[in-house]
Amino acid sequence: MDGEAIVEQLMTVEGRRDPYPLYELARTLGPVIPGPPDLLLAVGYREVNQVLRNMGFAVADTATRERWEPGFADHSSRVLFSRSILESNAPHHARMRSLIASVFTPRRVAALEPAVTAAVHRLLDEMADRGADGSPVDFMDAFAFRLPVGVICELLGVPEADRYRFRGLASELTATLEIIATDEELAAADRAADELAGYFTELAAARTAHPRDDLVSALVEVAAADESRLSGPELLANLVLLLVAGFETTTNLLGNGLALLFRHPEALAGLRDGGVTPAGFTDEVLRHDSPVQLTSRIALTGGLRIGELEVPYGSGVFLLIGAANRDPDRYEHPDRFDPTRRDSQPLSFGAGPHYCLGAQLARQESQVAVRALVDRFPALAPAGEPVRRDRLVLRGYETLPVILR
Ligand code: HEM
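Residues numbered from 1 in each chain as written. Predicted model: local features only at pLDDT ≥ 70, side-chain atom pairs only at ≥ 80, totals over all residues. Heavy atoms only, no water.

## Section: the packing of helix 11 (residues 146-156) against helix 16 (residues 247-263)
Their axes nearest at 8 Å, the elements helix 11 and helix 16 cross at an angle of 135°. When the axes of helix 11 and helix 16 are compared, the pair comes out oblique. Considering only the axes of helix 11 and helix 16, their crossing is right-handed. Within the contact between the two elements, helix 11 uses Leu-147, Pro-148, Val-149 and Ile-152 and helix 16 uses Phe-247, Thr-250, Thr-251 and Leu-254. When grouped by side-chain class, the residues that make up the contact of helix 11 with helix 16 number 6 nonpolar, 2 polar and no charged. (Axes fitted to C-alpha atoms, helices over the stretch in contact; angles between N-to-C directions. Helix = DSSP H or I, 4+ residues; strand = E, 2+ residues; numbered from the N terminus. Parallel < 35°, antiparallel > 145°, perpendicular 65-115°, else oblique. Left-handed = near helix turned anticlockwise from the far one by under 90°. Contact = heavy atoms within 4.5 Å. Nonpolar A, V, L, I, M, F, W, Y, C, P; charged D, E, K, R; others polar.)

This is the structure in structure tokens:
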């Protein structure tokens with residue numbers, strides 16, 4: 001099988017369910033291999049890391065999409081994302097990112113820890129009530145989805161009453177980030193984008209009039225101070241990005257983590273006796289079953305190379321994060337789930353200029369959740385087979401039924 005056939009297989013239901021054998025197949029062909037026409041696949045840790053850090057490899061931004069994606073401007077979901085930092089390149093990226101990072105600081109995230117802990121315990125209380133009679137509870141619905149939504153809304157300052165309507169909207173909107181989206185999915189994503197943009201327009205106006213101690217207030221304040229650093233549409237796009245970027249990703253980190261915990265009783269024992277730390281556990285879940293499996297770049301400078309391979313101007317590169325995280329040249333026994341690994345540094349949050357802004361927050365949520373789950377429910381056990389979500393880029397579970405006692 002060549003690189004093109006491997007990409008085709010990755011797009012099938014089977015390939016999405018378990019992409020790891022296909023990654024291994026790709027690896028036998030080299031750390032970077034040709035895929036479909038004008039596309040390369042990077043599977044090696046060093047190569048994926050190198051591309052992410054090289055600004056000659058750009059993200060597909062508005063200008064690129066207008067040129068290469070027919071009908072791009074007709075889709076409000078695509079236009080919205082392309083105004084955000086996720087889909088911008090230098091110099092716009094640095095301009096917006098530095099402003100956002102000036103208010104979304106490590107200190108603000110650290111200060112949120114008591115609120116994260118309180119949210120974790122509240123959700124576990126609710127789970128305990130639901131499962132008190134011994135009936136199964138779906139961990140994804142009862143916990144893994146609700147925690148990140150609650151936490152990011154707390155940080156942004158989204159009122160509690162509005163939070164649960166975001167679930168469907170976020171899921172519909174992020175379908176545009178998948179490689180193949182159907183017409184129906186795109187239409188739903190556009191509707192979700194319009195609704196979310198409308199919601200944040202109102203919230204930003206409310207916070208401009210009456211600022212509070214939250215991220216939306218802080219962002220509208222810095223944006224108002226200098227419109228040339230963050231325009232109105234850019235502010236909206238980045239607020240929506242901050243809302244949805246942590247939804248399914250962190251949800252999947254929590255779900256993938258619990259599923260791995262069930263498959264590895266030795267890790268559970270380690271978490272109980274202190275041999276495994278919640279931080280080590282979280283990093284190994286990120287490495288072993290990354291919630292984001294793939295991202296991409298385009299060679300927008302001539303004369304670029306990845307390793308030995310010359311990359312023609314305009315070529316796309318699929319960066320297979322899930323494969324890079326299991327590169328035997330980087331990790332000993334890469335397929336083994338070992339939460340005692342040191343210096344793991346998986347590429348699950350990316351690297352370089354677009355390194356995930358929410359990495360610290362996602363890690364914090366997972367660490368607090370794992371500790372509390374293990375302490376609180378000593379008899380936590382699976383109740384039947386978990387069901388995977390049928391997605392390639394954002395990898396996680398649809399349902400993960402558990403019994404609490
Ligand atoms: C386990 C959870 C998460 C994972 C695996 C994850 C993964 C990623 C990855 C791989 C990227 C880089 C994409 C690229 O380079 O093409 C990224 C970017 C980003 N993430 Fe996350 N993320 C997570 C949680 C969060 C959370 C909780 C937030 C916000 C609160 C967030 C906000 C962002 C933003 C704003 C960017 C864009 C940064 C930029 O382009 O400069 N993420 N994330």
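Still to come is the rest of the account.
## Section: the sheet that holds strand 2 (residues 39-42)
Strands sit in the order 1-2-8-5-3 across an open sheet of 5 strands; the sheet is mixed. The sheet terminates laterally at strand 1 (32-34) and strand 3 (57-58), the two strands that pair on one side only. Contacts from helix 4 (residues 45-53) reach strand 1, strand 2, strand 3, strand 5 (294-299) and strand 8 (316-320) within the one sheet, and its direction differs from that of strand 8 by about 125°. (Pairing = 2+ DSSP bridges.)

## Points about the site of the ligand
Close contacts around the ligand come from 27 residues, with His-93, Arg-97, Thr-295, His-354 and Cys-356 the closest. Between the ligand and Arg-297, the relevant distance is 2.8 Å, taken from an oxygen atom to a side-chain nitrogen or oxygen of the residue. Between an oxygen atom of the ligand and a side-chain N or O atom of His-354, the distance comes to 2.6 Å. Put simply, the parts of the chain that give the shell around the ligand at least two residues each are helix 7 (92-103), helix 15 (232-245), helix 16, strand 5 and helix 20 (359-376). When the residues that make up the shell around the ligand are grouped by side-chain class, the tally is 16 nonpolar, 9 polar and 2 charged. (Near = heavy atom within 4 Å. Polar contact = N/O pair within 3.5 Å; in protein donor to acceptor, adjacent residues only side chain to side chain.)

## As for the nonpolar core
In this structure, Phe-139, Phe-143, Leu-156, Phe-200 and Leu-243 are the most contacted members of the largest nonpolar core, which totals 90 residues. With near-sequence residues (within four places) excluded, Phe-143 lies in contact with Val-120, Leu-123, Leu-124, Met-127, Pro-148, Leu-254 and Ala-369. Among the nonpolar cores identified, the runner-up in size contains 38 residues, and Val-43, Val-51, Ile-306 and Tyr-331 belong to it. (Core = buried A, V, L, I, M, F, W, Y, C linked by side-chain atoms within 4.5 Å. Buried < 20%, exposed > 50% of the residue type's maximum accessible area, 1.4 Å probe, protein only.)

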